[in-house]
Amino acid sequence: VQLVESGGGLVQPGGSLRLSCAGSGFTFSSYVMRWYRQAPGKERALVAHISSTGGSTFYADSVKGRFTISRDNAKNTVYLQMNSLKPEDTATYYCNALQRPANYWGQGTQVTVSS
């Protein structure tokens with residue numbers, strides 16, 4: 001099983017990034033997919049969630065209206081479009097695939113929002 005995130009980097013406040021997470025080794029279309037983030041000194045926190053079909057999504061209050069989660073089951077990929085980025089969005093972003101009891105994590109991708 002692999003989850004490989006990409007798309008992180010350094011961006012100025014107000015800018016945008018799109019994170020991608022490609023899954024392999026499991027039936028991607030059967031899994032709920034989530035993005036989490038962890039800032040230095042803080043606990044890992046849920047950012048966004050998308051159901052297996054993509055028909056249902058959830059966002060943390062801190063990113064609602066700015067971030068959009070989506071998935072392409074044909075490509076085994078989940079995305080996180082991040083707009084209007086703020087310095088407080090700086091963190092390592094992790095992709096998660098969940099179908100209890102299975103629970104898989106990617107290695108993370110760093111997002112830094114700074115001028």
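Report follows, based on the coordinates. (Residues numbered from 1 in each chain as written. Predicted model: local features only at pLDDT ≥ 70, side-chain atom pairs only at ≥ 80, totals over all residues. Heavy atoms only, no water.)

Okay, the pattern of salt bridges next. By the definition in use, this model includes three salt bridges. Where Asp 89 meets Arg 66, a salt bridge forms, and the shortest distance between an N and an O atom there is 2.7 Å. Note that Asp 89 is positioned in the loop between strand E8 (77-82) and strand E9 (91-99) and Arg 66 in the loop between strand E6 (57-59) and strand E7 (67-72), a separation of 23 residues in sequence. With relative accessibility at 10%, the residue Arg 66 sits in the buried group. (Salt bridge = Lys/Arg side-chain N within 4 Å of Asp/Glu carboxyl O. Helix = DSSP H or I, 4+ residues; strand = E, 2+ residues; numbered from the N terminus. Buried < 20%, exposed > 50% of the residue type's maximum accessible area, 1.4 Å probe, protein only.)

Here Arg 34 shows up in strand E4 (residues 32-38). Despite its burial, Arg 34 pairs with no opposite charge; the closest candidate is Glu 5, at 14 Å N-O. Within the local environment of Arg 34, its side chain forms a polar contact with the side chain of Tyr 36, the two groups lying 3.4 Å apart. Look past the residues within four positions of Arg 34 in its chain and what remains in contact with it is Leu 46, Ala 48, His 49, Tyr 94, Cys 95, Asn 96 and Leu 98. (Lys, Arg positive; Asp, Glu negative; His and termini not counted. Polar contact = N/O pair within 3.5 Å; in protein donor to acceptor, adjacent residues only side chain to side chain. Contact = heavy atoms within 4.5 Å.)

Counting across every chain of the model gives five aromatic pairs. Seen in terms of ring centroids, Tyr 31 and Tyr 104 are 5.8 Å apart; in terms of plane orientation they differ by 25°. Their pairing is stacked. Taken together, the positions of Tyr 31 in the loop between strand E3 (17-24) and E4 and Tyr 104 in strand E10 (residues 102-105) put the pair 73 residues apart, joining distant regions of the chain. The buried category is assigned to Tyr 31, whose relative accessible area is 7%. Taken together, the ring pairs in this structure connect Phe 26, Phe 28, Tyr 31 and Tyr 104 into an aromatic cluster. (Phe/Tyr/Trp six-rings, centres within 6.5 Å; stacked < 30°, edge-to-face > 60°.)

The next subject is the state of the cysteines. With the rule as written, the count across this model stands at one disulfide. Across a sulfur-sulfur distance of 2.1 Å, Cys 21 and Cys 95 are joined as a disulfide pair. Disulfide Cys 21-Cys 95: the torsion about the S-S bond is -80°, which places it as left-handed. With a gap of 74 residues between them, Cys 21 in strand E3 and Cys 95 in strand E9 connect regions that are remote in the sequence. Grouping residues by exposure puts Cys 21 and Cys 95 together as buried. (Disulfide = S-S within 2.5 Å.)

Where E4 lies against strand E5 (residues 45-50), five bridges are found, and the strand directions are antiparallel. In the strand pairing of E5, Arg 34 is matched with His 49. Hairpin remark: E4 followed by E5, antiparallel, with six residues in the connecting loop; positive phi at Gly 41, about 80°. In terms of strand pairing, E5 meets E6 through three bridges, oriented antiparallel. By the bridge assignment for E6, Ala 48 is matched with Tyr 59. In this antiparallel pair of consecutive strands, E5 and E6, the connection spans six residues, and Gly 54 shows a positive phi of 85°. (Pairing = 2+ DSSP bridges.)

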